[in-house]
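The chain contents come next:
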Amino acid sequence: MTGIAELTTNAAVAGDPCGTIRDAAVRVHAGRVAWVGTTDAATSSAHRPGRDGLPVVDAAGRAVVPGFVDSHSHLVFAGDRADEFAARMAGRSYAAGGIRTTVAATRAASDDDLRRRLRALVDECRAQGTTTLEIKTGYGLDVETETRLARLAAEVTEEVTFLGAHVVPAEFAGRPDDYIALVTGAMLEAAAPFARWIDVFCEDGAFTADQSRRVLDAGRARGLGIRVHGNQLGYGAGVALAVASGAAAVDHCTYLTDDDLSALAASTTVATLLPGVEFSTRQPYPDARRLLDAGVTVALASDCNPGSSFTSSMPLMIALAVREMGMTPAEAVWAATAGGARALRRTDVGRIAPGARADLVLLEAPSRVHLAYRPGVPLVRRVWKDGVEV
Ligand code: NIG
Ligand code: FE
């Protein structure tokens, strides 16, 4: 591709974490990035566009960013909670209990129905520039359904997370420890072959720190990587537990103490912020500026789910992070690409550099700033995943 007005490579350069190249070109070979540089350098070298017989795309003065890495979604479910959203917008507050509504609909749905809905949502993500997508289970909450959800998610992504510990299902009401025994026993055993990660919702109304630790320990022993939902609805033990467990990421991070902040800054755990949730629940937004100023690695993700954030739009996350959370446009674009890759411990995505996957987004805009400057406008013009246009 040639004629790229602004290429965001995310190659760390002093003073520019986005590794920006102006008037740039990218050469792709066999699904990977083979070369990046200026259009001038490409024209006068072995990388001359078209030389290898491959088609040349002229970006014609538009910007290119890495495909978005959405490191947190809950896309396998049935049912609809638009009424719950409308009630919330009429003044009712958000409570995690709505999860059980989706669980009932999901258990009753066939594999084909779940697969059809899942694929439609994945297509929706791709059309908006998401090329790497993490998908959680968590709307089954019994051995059979959690396993089905993990298997279906594995059909569309390699980043599957087992979230049997989302909430305690109705049939275990008052017996959370019995449910934890099931999650860490038969359920984990059945779902783990399809999963790369384990996650737990560590929050009042979901699981305590001690219960959450048992879940994470069992997942680690089964060879899964660790992620945590924490500090969403109030202060709590999620961040401390995530850091102590060596989690790749702790997600939400809306309510953080100074101790949480120092623990994150001293760790390799990424703080993943999910502003679609605050938008859709009228909660206060997390303070990204405070995290960044403390030296914490921040990612942005959609948390796409039918309850607290039914949007798959990473451009919307970037716009919200800039407008409401104190991030600069460059920081937000980095967090939605390289940040997501860190949160998934991936080095092959989230950047445009030789050897990385050729996951590219051509924007209908001259710069990445437009992703926040023109909120709600469909700026994603063309998308390539592994070098193939989607
Ligand atoms: O990430 N926090 C827990 N789980 C989801 C909400 C799911 C739901 O309300 O259905 C979340 O926000
Ligand atoms: Fe979530």
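All residue numbers refer to positions counted from 1 along the written sequence of the respective chain. Lettering for chains starts from A, numbering for ligands starts from 1, and both go in the order in which the items are written. The model is predicted, so local features are restricted to residues of pLDDT at least 70 and side-chain atom pairs to those at 80 or more, both for listing and for counting; the totals for chains, interfaces and linings are taken over all residues. Note that water and hydrogens are dropped before the side-chain values are worked out from all heavy atoms of the structure.

Q: Can you walk me through the site of ligand 1 in this structure?
A: One heavy atom within 4 Å of a molecule or strand is enough for the residue carrying it to be called near that molecule or strand. Around ligand 1, a shell composed of 15 residues is seen, among which Arg81, Tyr94, Tyr139, Asp303 and Ser308 lie nearest. A distance of 3.4 Å separates an oxygen atom of ligand 1 from a polar side-chain atom of His74. Tyr139 is positioned with one of its side-chain polar atoms (N or O) 2.6 Å from an oxygen atom of ligand 1. For ligand 1, whose free accessible area comes to 320 Å², the fraction covered by protein is 100%. Grouping the amino acids of the shell around ligand 1 by side-chain chemistry returns 4 nonpolar, 9 polar and 2 charged. A 3.5 Å cut-off defines polar contacts: any pair of N or O atoms within that distance qualifies, except that in protein one atom must be a possible hydrogen donor and the other a possible acceptor, and neighbouring residues in sequence count only when both atoms are side-chain atoms. Only the protein chains shown count as cover for residues, and all accessible areas are computed by the Shrake-Rupley method using a 1.4 Å probe. Each residue gets one of three labels, nonpolar for Ala, Val, Leu, Ile, Met, Phe, Trp, Tyr, Cys and Pro, charged for Asp, Glu, Lys and Arg, and polar for the others, Gly among them.

Q: How should the pattern of salt bridges be read in this particular structure?
A: Close approach of charged atoms allows side chains of opposite charge to pair. Salt-bridge detection follows one rule: a side-chain nitrogen of Lys or Arg within 4 Å of a carboxyl oxygen of Asp or Glu. Counted according to the given criterion, the structure contains 33 salt bridges. Notably, a salt bridge pairs Arg357 with Asp386, separated by 3.0 Å at the nearest N-O pair. Placement of the pair is Arg357 in the loop between helix H13 (329–343) and strand S13 (360–363) and Asp386 in the loop between strand S14 (380–385) and strand S15 (388–389), with a sequence separation of 29 residues. A relative accessible area of 28% means that Asp386 is categorised as partly exposed. With its nearest N and O atoms 2.4 Å apart, the salt bridge here joins Glu364 to Arg381. Of this pair, Glu364 sits in the loop between S13 and helix H14 (370–373) while Arg381 sits in strand S14, and the two are 17 residues apart along the sequence. Note on conventions: DSSP H or I runs of at least 4 residues are helices, E runs of at least 2 residues are strands, and numbering of each starts at the N terminus. Classification of residues uses two cut-offs on accessible area relative to the type maximum, computed with a 1.4 Å probe and protein chains only: under 20% is buried, over 50% is exposed, and between them is partly exposed.

Q: Looking at this structure, I do not really get the packing of aromatic side chains. What am I missing?
A: Ring pairs (aromatic) are described by centroid distance and by the angle formed between their planes. To pair, rings of Phe, Tyr and Trp, with the six-membered ring standing in for Trp, must have centres within 6.5 Å; the planes then decide the type, stacked if under 30 degrees apart, edge-to-face if over 60, and tilted in the middle. Considering all chains together, one arrives at 5 aromatic pairs under this definition. Note on Phe172 and Tyr179: the rings are 5.3 Å apart at their centroids and 55 degrees apart in plane angle, and the pair reads as tilted. The burial state of Phe172 is the same as that of Tyr179; both residues are buried. When the centroid spacing of 5.5 Å and the interplanar angle of 70 degrees are considered together, the rings of Tyr235 and Tyr255 count as edge-to-face. One end of the pair, Tyr235, is in the loop between strand S9 (225–230) and helix H8 (238–244); the other, Tyr255, is in the loop between strand S10 (249–252) and helix H9 (258–265), and 20 residues separate them in sequence. What makes Tyr235 exposed here is its relative accessible area of 56%. Cation over ring: Arg227 sits above Trp197, and NZ or CZ is 4.4 Å from the ring centre. Ring-over charges, as used throughout, are those where CZ of Arg or NZ of Lys falls within 6 Å of the ring centre and within 35 degrees of the ring normal.

Q: For this particular structure, what's the right way to read the domain arrangement of the protein?
A: Bring the parts together and some accessible area is lost; that lost area is often taken as the interface size. Domain annotation for the protein reports domain 1 (4–66 + 351–389) and domain 2 (68–343). Contacts between domain 1 and domain 2 engage 17 residues on the former and 17 residues on the latter. Together, the buried faces of domain 1 and domain 2 total about 1400 Å²; carbon and sulfur atoms form 72% of this surface. For domain 1, the biggest contributors to the area lost against domain 2 are Leu371, Ala372 and Lys385; these three give 32% of the whole. The interface formed by domain 1 and domain 2 holds 0 salt bridges in total. At the boundary of domain 1 with domain 2, the tally comes to 3 residue pairs in polar contact (both at pLDDT 80 or more). Contributions of two or more residues to the side of domain 1 that touches domain 2 are made by strand S4 (63–66), H14 and S14. Bear in mind that the domain bounds are from an automatic or database domain assignment. Contact criterion: two residues are considered in contact whenever any of their non-hydrogen atoms come within 4.5 Å of each other. In this description, buried area is defined as the sum, over both parts, of the accessible area (probe of 1.4 Å) that is lost when the two are combined.

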